[in-house]
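Commentary on secondary and tertiary structure
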Amino acid sequence: MSKKIVWVALCFICILGCRQQEKEIYLFSYFKGNGEDGLHLASSIDGYHWEALNNGKSFLKPKVGGDKLMRDPCIIKGGDAKFHMVWTVSWNEKGIGYANSADLIHWSEQKYIPVMHHEPNARNCWAPELFYDEDSATYLILWATTIPGRFPETDSFGDNGYNHRMYFTTTKDFETYTETQLFYDEGFNVIDAHIQKVQDRYVMFLKDETLLPEAQKNIRIASSTHLLKGYSKPTDAISDNWVEGPTAAHINGNWIVYFDRYTQQRMGAIKSHDLVNWMDITDQIHFPEGTRHGTILKVDEKVLEQIKTKSSAE
C-alpha cells in the first residue's frame, strides 16, 4: 500500500472522527408542577431553543419516598456509560431518589437513599446533584438539608425556619456509600449546588437562600482545587434575585448557566466567557412551558434519535 493511500485513509478516519464528535446535542432533564408526574426531557441543538420530548409526557413516574415526587432531576453520564439520576422525593423527607438507564428510556428499579436518616432532626433533602470524578471513578452526591439548631446564627434568616447547608456522600456503585458529611458552610443559608470542572479547579454554582434581613435568593460561585474540600467564600451574585437551580454548560466558547425563575414561572439564563463577567440572556432562550429546575447534559445524537423513535411509536 502506497504512502499516499495510507495518508488519504488516515485523513478520512480523522474526518469521520470529527463528524462523530460533532454529533452531540443537548438534553435538559426537568420536572413540571410539583414533580408528581416524574421526569421530563427536552432537547436542543444550540442550547437556546429547547423542544419537549415524548410529546411533553413523563419518561419515568416516581415510585419512592412517602410523597412519591420527582423534583429537581439531575442526570449525568457515568464512567460505565450509563445515565445516572438523583432527585428530590419530597419536601420533608430524609432521603433522595436514584435510578439509572442505558438510553434514558428504560430505567432501573428506583431506589431510596436514606442519606440523612442518621440525623433525627433533619427536615429535608433538597435538590441532589451528581458529579463523576474520572480520576477516582467515584460519584459525588450533593444535597441541601436543614437541621434546626445546627447553625443557630442564621436560623432566623430563612423561609419558615429553613436554614440549609450542603452535605455529601460518595459512591462507586450506588450500592454502598461513604458516611454523610458537611460539604459547604460559609455562614449563610445555601441550596442547589452544581459543580463543573474547569481546567484544574472545581467551580460550584450555588444559591444563596437568605431571606432576611434582605432577600438574596440569587446565584453565586465558589471554587476549589480539590473536589471534596476547600471551597472559597462565594462571589457576589452573578444573577438577579428570586432564581434557583443553577446548571451550567460550556457552549460555543461561553459558559451558560440556566436557572428556574420560579416567581415568574419561566426559565432564565446568563452567559460568560470568563466566569467573571455575566450577561443575562433570559430573553434569548426558549423552554417548553412549565419547565422547572433541572440539569443540562450532552448526549450522542443517536440517543435523541432513539428517544424520538420511541415517542413516535406510542
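Residues numbered from 1 in each chain as written. Predicted model: local features only at pLDDT ≥ 70, side-chain atom pairs only at ≥ 80, totals over all residues. Heavy atoms only, no water.

Section: unusual backbone geometry
Which entries qualify depends on this criterion: In DSSP terms, a helix is any run of H or I states spanning at least four residues, a strand is any run of E spanning at least two, and both are numbered starting from the N terminus. Buried residues are those whose accessible area, probed at 1.4 Å on protein chains only, stays under 20% of the maximum for their type, while exposed residues exceed 50% and partly exposed ones sit between those limits.
In this structure, the amide linkage connecting Leu-212 to the following residue, Pro-213, adopts the cis form with an omega of 0 degrees. The residue Ala-127 is not glycine, and still its phi comes out positive at about 45 degrees. If you trace the backbone, Ala-127 turns up in strand 8 (residues 126–133). The class of Ala-127 is buried, set by a relative accessible area of 4%.

Overview of the sheet that holds strand 14 (residues 218–224)
Rules: DSSP bridges decide pairing: two strands pair if at least two such bridges lie between them. Angles run from 0 to 180 degrees between N-to-C directions of axes, and those axes are lines fitted to C-alpha atoms, restricted for helices to the stretch in contact.
Read from one edge of the open sheet, three strands run 12-13-14, paired in antiparallel fashion. Edge positions in the sheet fall to strand 12 (190–198) and strand 14, since each of these pairs with one other strand and no more. Strand-to-strand twist across the sheet, computed as the mean angle between neighbouring axes with direction ignored, equals 25 degrees. With seven bridges connecting them, strand 12 and strand 13 (residues 201–208) associate as antiparallel partners. Counterpart to Val-198 in the pairing with strand 13 is Arg-201.

Some details on the sheet that holds strand 8
Spatially, 8-9-10-11 is the arrangement adopted by the four strands of the open sheet, whose pairing is antiparallel. The outermost strands of the open sheet, each flanked by one partner alone, are strand 8 and strand 11 (181–184). Neighbour-to-neighbour, the strand axes of this sheet turn through a mean angle of 35 degrees, independent of strand direction. In this sheet, strand 9 (residues 138–146) lies alongside strand 8 in antiparallel orientation, the contact comprising six bridges. Bridging across to strand 9, Phe-131 finds its partner in Leu-140.

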